[in-house]
Structure formats: C-alpha cells, structure tokens
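Letter by letter, the chains look like this.
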Amino acid sequence: MDIKYWVWLQLCLGAGARFKPIIEEFGSPGELYSNNVIDWKMSPVLSPFQTDKLSGCSLRDAEQVIMDCDINGWDIICYEDERYPQKLREISNPPAVLYVDGKLPELDKYATVGVVGTRKASGYGMTAARLMSKGIAHCGGIIISGAALGIDSAAHKGALEADAVTVAVLGSGFGTGYLRANSGLRQAIKEKGALITEFPPYIKANRTTFPMRNRIISGLSDGLLVVEAGVKSGSLITAQHAAEQGRDVFVIPASILDYNFYGTNKLIDDGAAVATSPEIILERYESAYRTLDMSKLKTIRELAEDGVQEERLNQLSFENIRMQRAERLHREEKALQLEGNELKVYNALEEKLQPIDLIIEKSGLEAPKVLAALTVLEMKGIIESASGKQYMIK
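Residues numbered from 1 in each chain as written. Predicted model: local features only at pLDDT ≥ 70, side-chain atom pairs only at ≥ 80, totals over all residues. Heavy atoms only, no water.

K.L.:
Help me understand the overall build of the protein in this model?
P.N.:
Check the secondary structure of the protein and you find 19 helices and 12 strands. The principal-axis extent of the C-alpha atoms belonging to the protein is close to 75 × 50 × 45 Å. As presented, the protein carries roughly 19700 Å² of accessible surface, and 51% of it is formed by carbon and sulfur atoms. Separation of charge centres in the protein, based on 45 positive and 52 negative side chains, amounts to 4 Å. (Helix = DSSP H or I, 4+ residues; strand = E, 2+ residues; numbered from the N terminus. Areas by Shrake-Rupley, 256 points an atom, 1.4 Å probe, with all protein chains shown as cover. Lys, Arg positive; Asp, Glu negative; His and termini not counted. Charge placed at Lys NZ, Arg CZ, Asp CG, Glu CD.)

K.L.:
Even after reading the chapter, I still don't get unusual backbone geometry, so can you show me in this structure?
P.N.:
For residues other than glycine, phi is negative in most cases, and the peptide bonds are mostly trans. Phi is positive for Y202, close to 75°, though the residue is something other than glycine. Topologically, Y202 is positioned in the loop between β6 (194–197) and α11 (209–219). For Y202, a relative accessible area of 42% gives the class partly exposed. A positive phi angle, close to 55°, is found at E228, a residue other than glycine. With respect to the helices and strands, E228 occurs in the loop between β7 (223–227) and α12 (234–244). (Buried < 20%, exposed > 50% of the residue type's maximum accessible area, 1.4 Å probe, protein only.)

K.L.:
I would appreciate a short explanation of the side chain of D222 in the present structure.
P.N.:
In this structure, D222 sits in the loop between α11 and β7. According to the relative accessible area criterion, D222 is buried, its value standing at 17%. Within the structure, the side chain of D222 is placed 2.9 Å from the side chain of Y289, a separation counted as a polar contact. (Polar contact = N/O pair within 3.5 Å; in protein donor to acceptor, adjacent residues only side chain to side chain.)

K.L.:
Help me out: how do you make sense of the sheet that holds strand β11 (residues 383–386) in this one?
P.N.:
Remark on secondary structure: sheet strands pair via backbone hydrogen bonds, oriented parallel or antiparallel. What the three strands build is an open sheet, ordered β10-β12-β11; its pairing is antiparallel. Strands at the two margins of the open sheet, each flanked by one partner only, are β10 (354–355) and β11. Sheet analysis places β11 next to strand β12 (residues 390–393), joined by four bridges and oriented antiparallel. Its bridge partner lying in β12, S385 is registered against Y391. Docked against the sheet, helix α19 (residues 367–379) engages β11 and β12, running at close to 115° with respect to β11. (Pairing = 2+ DSSP bridges. Contact = heavy atoms within 4.5 Å. Axes fitted to C-alpha atoms, helices over the stretch in contact; angles between N-to-C directions.)

K.L.:
Mind showing me how you'd approach the packing of helix α8 (residues 123–138) against helix α9 (residues 151–161) here?
P.N.:
Angle between the axes and distance between the axes: these two values describe a pair of packed helices. The contact between α8 and α9 brings their axes to 7 Å, and the two run at 35°. Read as a crossing pair, α8 and α9 show a hand that is right-handed. Each of G125, M126, A129, R130, S133, K134 and A137 in α8 lies in contact with α9, whose residues at this interface are I151, A154, A155, G158, A159 and E161. Residues of the contact of α8 with α9, tallied by class, amount to seven nonpolar, three polar and three charged. (Left-handed = near helix turned anticlockwise from the far one by under 90°. Nonpolar A, V, L, I, M, F, W, Y, C, P; charged D, E, K, R; others polar.)

K.L.:
Sorry, what's going on with the confidence of the model for the protein here?
P.N.:
Across the protein, the average pLDDT comes to 89, with 94% of residues at 70 or higher. Taken element by element, the predicted model of the protein shows its lowest mean pLDDT in helix α16 (residues 318–336) (66) and its highest in strand β4 (residues 142–145) (98). (pLDDT = per-residue confidence, 0-100.)

Dropping the structure here:
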C-alpha cells in the first residue's frame, strides 16, 4: 500500500468521485499511475475528462499533501487501509482518502448515529439534539455529525457531556480556518475523538463541498437522526443519502405550526421512524453491538434533569457567578445608553422569547423600524434571537 498513489488519485478525480470501477479495471492506484495516456484513453471506465485530469495531475502534488499532513500531525487513511471503516467502504461512492485530525475510533465495533439539522435551530431543537445524543453516547453509541453551528453543535456537545467519543465530518480541508466560531468545540471533539474530511488540506468550503460531506455522515452511521430541517435543506439531502445507503432514518417531530421545519415532518410522512427517546434508536442495534450497554439507558426527562443539575453546579461556582454578574452589568450599561427606537424596542422585550408581532405591538412602532432596531440591538450583544422571528433580552 502506497498512500501517495491514493492521494494522487483523489487529487486527479476530485472529492466525491466514483473510483471503484477504475480500481477494479486497473488493480490499484499505483498500477493506474504506471499506465500511459493511451491505456487510459482505451479504458472503458475512464471518461475523456477523467483522462485529462489524470494527465494533468502530478505525483509531486500528492507528495506535497502528505508533507503538509506530516507537518501538522494530520493522519491519512486511504481506502485499502485496515483502519478505513467498513461501513463507509460499503457505500457506492466512498472517499478514496480520509484526512484525520485526532484518533478515528474503530467505528465498525460501535453503533453509530448521525445527527443532522438546521444551523438556525430553535431552543427546543438544540435541547432535543443534545439530550438524544447524550443518551445514545452514554450507552456506548458514537455520535457522527458535521461540527457546524446549530443542531450539529448540540449533538457533539451532548456526546461530550457523556464523556464519550464523537466524530465530526467537515466540509472543507484542514487548515482553512473555516467556522472559527466553533473552533473550541472542534478542539474538544478532536481530543475525545476525531475530525475527518475527504478534502485535502487548505481546500475551502463552498456550496458543493457540503452535499459531498453529507454522504460520509450517513455512510458512517447505522442510523441517521434528523432534528429540525427545512423543506430544502442539506439535512434532507443527508437523509436521502441514508435511505439510498440502506441506513435507518429517525426523526424528532417538529411543530406542525412552524413552517421553518416542514422538511422534518415530511420525512415522517414519507416513512421515517419517529424518535422520542434514545431507546427507540438504540434498540435497533442492541443485538448487533456488544459495545452497547442498554442498562445505562435514561429517559429524556432523566437526561434533562441531569443537565439541570450540572448547569446549577456550574452556575454556583464563584468564578461563573462573577463572570455572569460582570456580563450582565456590561449589558445593562449598554442598555442605559440606548435612545430613540432602539430604547422603545428594548423596553418592549423581556427575558423570555417573544414573537416579532408582539414586540411591534408593545413598542408602538412600524414593523420596519422594529426590525432595524432589533438588528442593532443584536449586533450590540444586548438581545438574542431564535427561529420564527422571536427575540429576548440576552
């Protein structure tokens, strides 16, 4: 096994390319490389476009990628590596190479559950994703998600709260600085599990990289849990991948009155399983994995109460009390400086979420002026928003 030829193959064909027929035809990436352009052009499995790509890609480019990974401590796992997850090998278009930051667990030995959903999640969605993930991880399951804001973050945090391994599949290469707001969470994931990607180092995320990433999340998972998804969303694409790959699809029901998440309930209408507890998901895999300890199952209520107790303990620490008091005083000082429409809107808000219509009514201002003031207040860090145009004092 020579990694550089696998890296070369991936660089030539691009992420997400279907390389299996090519390897079946030529035997290995090394043997493919040793053939000449005439052999490539005569092959029934290579298109003219792919032949041009192979001709224009240098082995030195692959060697540079390997060097970059060595310098930064990033591991490379190619398709024929024994560490490559068998679950991922089985899908129709697996990645030729996985780049790993951290230590990839032996995923084939564990029940793996992918968790996906919107970045603009409601408080309910965030809590549900966190508690479900925590309960699954507490029993020995491994949570797979994308380390993005919203539902992804909640899922990883739930697994970390259970002191468990979790794996994040990124939609960019390492070293790009993508989504700096979540850098702390990614570091925590790396310390307990792994960050993985099929994109070579320094490849930036774009609108095409995430759909390719999604098939890996579902491919690594025995089952996929969808939490709050729009009718047109990456989460539904992932669910489609999961169905095509023969994976189970579970859904946490969303409110039928929230049009932002119609996609979630549509999955239920189309036959996805409703998941209201970790047990409903894990019982599907109990007989297949000895690593699952069903005696550790907890109800959602028990998991929520655990979280409340932990939060109370954290809040009672002297350091956190001082920090929270300082933050509150700082926000109050900003509020004292408000005037005009911003002050009127601030006075209409409470320390609980309110819909925009109620805020407009209480402030006595026209809707455009209220929206403009809310934007300014949020930028100043005085208020916070949730899905469905709801706002509250931070």
